[in-house]
Amino acid sequence: MSLRQDILDNDEIFDLEIEGEDLSYLDFSGKSFENIRFSDVRFISTNFEKASMRKVSFISSDLSFTIFDNAFLSSSVFTESLFKGTSFLNADMRKTIFDNINVLYGVFSSSVMKECAIRNSSFKDSDFTDIKSVKSILSDVEFKGSSFFNTTLNSFKMDKVSFLSSNFSENLKELKGVKINLESAVSILKGYDIDLDLSL
């Protein structure tokens, strides 16, 4: 039996190391994964909707258009991987780490992040609307052209985070109490048609 078929035929998958496989276009929705290490795996348009993932690592993998909507992730890791059109809509993430990833058109809206960390990563044209964060960390992260409507960014512990050409409510309530660098401040204010005079 092939690895692909073995995963498809079982609702609970645990204690595996999977390397160099192509698991694109498969439907793993609702399945339970525990103690799994995916390395150099293709997940193009793979469906993990409502899946449960505990101690699952995605390393150097392509997660373009992969769906994690309404999934539960605990103590999991995404590192050195490609995200394009990847969706975590309404996902529940706990102690999950995103490290050294590049995200284009990502969807994280309405997700919950508890004690999570996003580090050394960039996000372009991604959606972070209505995120609930508890003791989560953003470190050395660049957001460009991304949306943060109704997300309280002060709930994240932030270090070296930039928001270039990103979108917020008219009153910038999402940034209340947040310290940002000058480049981010100028970029944000330009988007709100505010006349800036930065001369000294």
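Before any of the text, the structure's been laid out above.
None of the values given here were measured: they were computed from a predicted structure. (Residues numbered from 1 in each chain as written. Predicted model: local features only at pLDDT ≥ 70, side-chain atom pairs only at ≥ 80, totals over all residues. Heavy atoms only, no water.)

Caption draft 1: Local environment of the overall build of the chain. If you tally the helices and strands in the chain, you get two helices and 14 strands. For the chain, whose C-alpha radius of gyration is 18 Å, the value lies close to the compact-globule estimate of 16 Å for 200 residues. C-alpha extents for the chain along the principal axes are approximately 70 × 25 × 25 Å. For the chain, with 200 residues in total, the buried portion stands at 46%. For the chain, long-range pairs separated by at least 24 residues make up 3% of all intrachain contacts whose partners lie at least 6 apart in sequence. Counting only carbon and sulfur atoms, one obtains 46% of the accessible surface of the chain, whose full area is about 10300 Å². Side chains of the chain give 22 positive and 31 negative charges; the mean places of these two sets differ by 6 Å. (Helix = DSSP H or I, 4+ residues; strand = E, 2+ residues; numbered from the N terminus. Rg over C-alpha atoms; globule rule 2.2 N^0.38 Å. Buried < 20%, exposed > 50% of the residue type's maximum accessible area, 1.4 Å probe, protein only. Contact = heavy atoms within 4.5 Å. Areas by Shrake-Rupley, 256 points an atom, 1.4 Å probe, with all protein chains shown as cover. Lys, Arg positive; Asp, Glu negative; His and termini not counted. Charge placed at Lys NZ, Arg CZ, Asp CG, Glu CD.)

Caption draft 2: Fine view of the packing of aromatic side chains. Inspection of every chain in the model, using the stated rule, returns 32 aromatic pairs. Measuring from centroid to centroid gives 6.1 Å for F48 and F58, while their planes differ by 85 degrees, and the two rings are edge-to-face. Placement of F48 in the loop between β2 (32-39) and β3 (52-59) and of F58 in strand β3 is noted, with a sequence separation of ten residues between them. Take F48 and F58: they sit in the same class, and that class is buried. Seen from their ring centres, F98 and F108 are 6.0 Å apart, and the 80 degrees between their planes marks the pair as edge-to-face. Taken together, the residues span a long stretch of sequence, with F98 in strand β8 (residues 97-99) and F108 in the loop between β9 (102-104) and β10 (112-114) at a distance of ten residues. Pair check on accessibility: F98 and F108 agree, each one buried. (Phe/Tyr/Trp six-rings, centres within 6.5 Å; stacked < 30°, edge-to-face > 60°.)

Caption draft 3: Representation of the pattern of salt bridges within the structure. Applying the stated criterion to the full structure yields four salt bridges. Between D11 and K31 there is a salt bridge; the shortest N-O distance is 3.7 Å. On the criterion of sequence distance, the pair formed by D11 in the loop between α1 (3-9) and β1 (12-19) and K31 in the loop between β1 and β2 is long-range, its members being 20 residues apart. When its relative accessible area of 5% is taken as the criterion, K31 is described as buried. (Salt bridge = Lys/Arg side-chain N within 4 Å of Asp/Glu carboxyl O.)

Caption draft 4: Local environment of the nonpolar core. The biggest cluster of nonpolar side chains holds 47 residues, and the ones touching the most others in it are F33, F38, F58 and F108. The set of elements that each furnish at least two residues to this core consists of β1, β2, β3, β11 (117-124), β13 (136-144) and β14 (156-164). Excluding its chain neighbours within four sequence positions, the residues that come into contact with F58 are F38, F43, F48, M53, L63, F68, V77, F78, T79 and S81. (Core = buried A, V, L, I, M, F, W, Y, C linked by side-chain atoms within 4.5 Å.)

Caption draft 5: Fine view of the environment of N100. Among the secondary structure elements, N100 is positioned in the loop between β8 and β9. When the C-alpha positions of N100 and C116 are compared, they lie 14 Å apart, and in sequence the two are 16 residues distant. For N100, the residues in contact, after removing those within four places along its chain, are T79, E80, S81, R119, N120 and S121.

Caption draft 6: Highlighting the environment of L172. Within the secondary structure layout, L172 lies in the loop between β14 and α2 (182-190). Residues L172 and N150, 22 residues apart in the sequence, show an inter-C-alpha distance of 9.6 Å.

Caption draft 7: View of unusual backbone geometry. Within the chain, D140 stands out as a residue other than glycine whose phi angle is a positive 55 degrees. Topologically, D140 is positioned in strand β13. Relative accessible area serves as the criterion here: at 41%, D140 is assigned to the partly exposed category. Non-glycine residue L172 carries a positive phi angle of around 55 degrees. By relative accessible area, which is 22% here, L172 ends up partly exposed.

Caption draft 8: Looking closely at the side chain of T46. In this fold, T46 is placed in the loop between β2 and β3. In this structure T46 comes out as buried when scored by relative accessible area, which is 0%. If we skip the residues at most four places from it in the chain, T46 touches L23, S24, Y25, L26, F28, F65, T66 and I67.

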